[in-house]
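Secondary and tertiary structure notes
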Number of protein chains: 2
Amino acid sequence: MKPVSSMSPVTHGQTIQALAVAARLCVARGVQFTELRRRLLETLWVAHEPLGAYEALRRLEGSWGRTLKPTTVYRALDFLLEQGLAVRIESRNAYVPCAHPDQPHTSVFFVCDQCRVTIEVDDSEVGRLLKCDATALGFDVRRRVLELQGTCAHCLAMR
Amino acid sequence: MKPVSSMSPVTHGQTIQALAVAARLCVARGVQFTELRRRLLETLWVAHEPLGAYEALRRLEGSWGRTLKPTTVYRALDFLLEQGLAVRIESRNAYVPCAHPDQPHTSVFFVCDQCRVTIEVDDSEVGRLLKCDATALGFDVRRRVLELQGTCAHCLAMR
DNA sequence: ATCAGGATGTTATAACATTGCTTTTAGCGT
DNA sequence: ACGCTAAAAGCAATGTTATAACATCCTGAT
Ligand SMILES: [Zn+2]
Ligand SMILES: [Zn+2]
Ligand SMILES: [Zn+2]
Ligand SMILES: [Zn+2]
């Protein structure tokens, strides 16, 4: 098990760096890292919790000073998901940025019910076992959704 | 890895038996297995795929010959989830019946993108590893969402 | 200049879920 | 059987999330 990113202590510097990495990656891939996409990804990084599409829309409108339609945000989110720059948390209908969009990994998300802090862990051993299960079933896996809901250490200590 | 149930080859007999088990369990727990709840669970068993709440509503209306409101169905679904008689597939906003509502298990769901067949596998080793990860983080896990999307063996063979 | 493809704008609607309140029903002691 | 109580279900309205269908704009290649 290797913790690869936590939403909680995301510094300004990390956000800047993540945006730079994203920009570089998009250039390398020949896709456009437009202002909308960049600002949306920034919004996800700045938020210290998974954001719903409409919440991201509101924040984006607030920081950008213009109105947006849901479709616009969903399309930009789709782009970020396709490029691996963000991940959808299915059990929350929400989105978080990904810290390592360049290489594939077996992400397990720990999502706190109370403070919503979301910790991404890379557990390749779990990935291996699931791969075995899939092989045994003759199932071709396209996407993994591994999300654990509960209470984070910080919130546990609060009680 | 131990496959514990598959949605695909669910026979009439299995449905009958599952309903009987559910009824027995509810009696033992002192909760009411009402006609609505029984019919809803039956609807989930008869369907060979995860059903959305509104789809379940439509089928229930069709087979029961009466109109229902979303609230009614959602409440009944909540009951089935609480009792472990059904499970929500987060990545589909849909629900499937659970074959072993009596004992806790580490369910991994393989969901086919094409035919939507949903296979539940119990992988206790994965459960153990995730528990380790959680412990390392000091995270108290309340619920696991383990869903793998892809193509089932049957659909792979079709191509 | 024309064209093609990608990105975005616009409008409408589908799909999923909850809230608040009322009425009915089941279970229980009398 | 009767009346009480709590659970269950009915009902209307609304909130939330997601997509479809079509129009426009921009940029770079021919
Ligand atoms: Zn990641
Ligand atoms: Zn927390
Ligand atoms: Zn199960
Ligand atoms: Zn299939």
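Residues numbered from 1 in each chain as written. Chains lettered and ligands numbered in written order. Predicted model: local features only at pLDDT ≥ 70, side-chain atom pairs only at ≥ 80, totals over all residues. Heavy atoms only, no water.

With that settled, the discussion passes to the coordination of the zinc ion (ligand 3). All names here are of chain B. Bound to the zinc ion (ligand 3) are the protein donor atoms Cys98 (SG), His105 (NE2) and Glu120 (OE), situated 2.0 to 2.3 Å from the metal. All donors to the zinc ion (ligand 3) come from one chain, and their sequence spacing reads C-x6-H-x14-E. On the criterion of sequence distance, the pair formed by Cys98 in the loop between β3 (94–97) and β4 (107–112) and Glu120 in strand β5 (residues 118–122) is long-range, its members being 22 residues apart. No difference in accessibility class separates Cys98 from Glu120, as the two residues are buried. (Donors = N, O, S within 2.8 Å, 3.2 Å for Na, K, Ca; no water. Helix = DSSP H or I, 4+ residues; strand = E, 2+ residues; numbered from the N terminus. Buried < 20%, exposed > 50% of the residue type's maximum accessible area, 1.4 Å probe, protein only.)

Right, let's talk about the interface of chain B and chain A for a bit. Contacts between chain B and chain A engage 37 residues on the former and 37 residues on the latter. Looking only at chain B, the three residues that lose the most surface to chain A are Leu137(B), Phe139(B) and Gln149(B), adding up to 20% of its buried area. Our count for the chain B to chain A interface comes out at two salt bridges. In this structure, the salt-bridge partner of Asp113(A) is Arg142(B), at a minimum N-O distance of 2.8 Å. (Contact = heavy atoms within 4.5 Å. Buried area = accessible area lost by both parts, 1.4 Å probe. Salt bridge = Lys/Arg side-chain N within 4 Å of Asp/Glu carboxyl O.)

When a metal holds four donors in a tetrahedron, each ideal angle between them is 109.5 degrees; when it holds six in an octahedron, the ideal angles are 90 or 180 degrees. All names here are of chain B. The coordination sphere of the zinc ion (ligand 4), as far as protein atoms go, consists of Cys112 (SG), Cys115 (SG), Cys152 (SG) and Cys155 (SG), spread over 2.2 to 2.3 Å. Angles of 106 to 113° at the metal separate the four donor atoms of the zinc ion (ligand 4), which places the site in the tetrahedral class. Counting the intervening residues between successive donors of the zinc ion (ligand 4) yields the motif C-x2-C-x36-C-x2-C. Of the residues examined, Cys152 reaches a relative accessible area of 4% and is grouped as buried. Classification of Cys155 as buried rests on a relative accessible area of 7%. (Tetrahedral: all angles 85-135°; square planar, octahedral: opposite > 155°, others 65-115°.)

Looking at DNA strand D, there are 15 residues lining it, with Arg88(A), Thr34(B), Arg66(B), Thr72(B) and Arg75(B) nearest. Backbone atoms, meaning sugar plus phosphate, form 48% of the atoms of DNA strand D positioned within 4 Å of the protein. In this structure, Thr71(A) approaches DNA strand D through a side-chain N or O atom, which is 3.1 Å from a base nitrogen. When contributions to the surface near DNA strand D are tallied by element, the ones reaching two or more residues are α4 (70–82) of chain A together with α2 (35–46) and α4 (70–82) of chain B. (Near = heavy atom within 4 Å. Polar contact = N/O pair within 3.5 Å; in protein donor to acceptor, adjacent residues only side chain to side chain.)

On to the relation of the copies chain B and chain A. Each copy superposes on the other: chain B lies on chain A with an RMSD of 0.1 Å after a rotation of 180° and an axial shift of 0.0 Å. Such a turn and shift between the copies fits a two-fold axis. Rotation axis and chain B: the residue whose C-alpha lies nearest the axis is Leu146(B), separated from it by 2.4 Å. The overlap is high: 100% of the interface residues of chain B also sit at the interface in chain A, so the same surface is used on both sides. (Least-squares fit on C-alpha atoms with pLDDT ≥ 70 in both.)

Attention now moves to empty space enclosed by the protein. Residue and element names in this part refer to chain A. Under the criterion given, the structure shown has two cavities of 30 Å³ or more. Ala18, Val21, Ala22, Leu41, Trp45, Leu85, Cys98 and Pro101 together form the lining of the largest cavity. In terms of residue count, helix α1 (residues 12–29) provides more of the lining of the largest cavity than any other element does, three residues in total. When grouped by side-chain class, the residues that make up the lining of the largest cavity number eight nonpolar, no polar and no charged. (1 Å grid on protein atoms, 1.4 Å probe; cavity = no way out; pocket = protein on both sides within 12 Å on 5 of 7 lines; lining within 4 Å. Points joined across faces, edges and corners; volume = space filled by probe spheres on them. Nonpolar A, V, L, I, M, F, W, Y, C, P; charged D, E, K, R; others polar.)

A few words now on the packing of aromatic side chains. Counted under the stated rule, the structure contains four aromatic pairs over all chains. When the ring of Tyr54(A) is compared with that of Tyr74(A), the centres are 6.2 Å apart and the planes differ by 70°; the resulting orientation is edge-to-face. Taken together, the positions of Tyr54(A) in helix α3 (residues 53–64) and Tyr74(A) in helix α4 put the pair 20 residues apart, joining distant regions of the chain. In this structure, Arg66(B) is placed above the aromatic ring of Trp64(B), and the distance from its NZ or CZ to the ring centre is 4.6 Å. (Phe/Tyr/Trp six-rings, centres within 6.5 Å; stacked < 30°, edge-to-face > 60°. Lys NZ or Arg CZ within 6 Å of the ring centre and 35° of its normal.)

So, about the packing of α3(A) against α4(A). Residues and elements named next belong to chain A. Following both chains from N to C, one finds α3 and α4 inclined at 105°, their axes separated by 10 Å at the closest point. Between α3 and α4, the angle falls in the class roughly perpendicular. Contacts between α3 and α4 involve Ala53, Tyr54 and Leu57 on the former and, on the latter, Pro70, Val73, Tyr74 and Leu77. Grouping the amino acids of the contact of α3 with α4 by side-chain chemistry returns seven nonpolar, no polar and no charged. (Axes fitted to C-alpha atoms, helices over the stretch in contact; angles between N-to-C directions. Parallel < 35°, antiparallel > 145°, perpendicular 65-115°, else oblique.)

The next point concerns the protein's contact with DNA strand C. In the vicinity of DNA strand C there are 16 residues, among which Thr34(A), Arg66(A), Arg75(A), Tyr54(B) and Arg88(B) approach most closely. Counted by atom, the contact set of DNA strand C within 4 Å of the protein is 47% sugar and phosphate. A distance of 3.5 Å is found between a phosphate oxygen of DNA strand C and a side-chain nitrogen or oxygen belonging to Thr72(A). Contacts to DNA strand C include Arg75(A), whose side-chain N or O atom sits 2.6 Å from a base nitrogen. The element that contributes the greatest number of residues to the surface near DNA strand C is α4(A), accounting for three residues. Counted by class, the surface near DNA strand C contains four nonpolar, seven polar and five charged residues.

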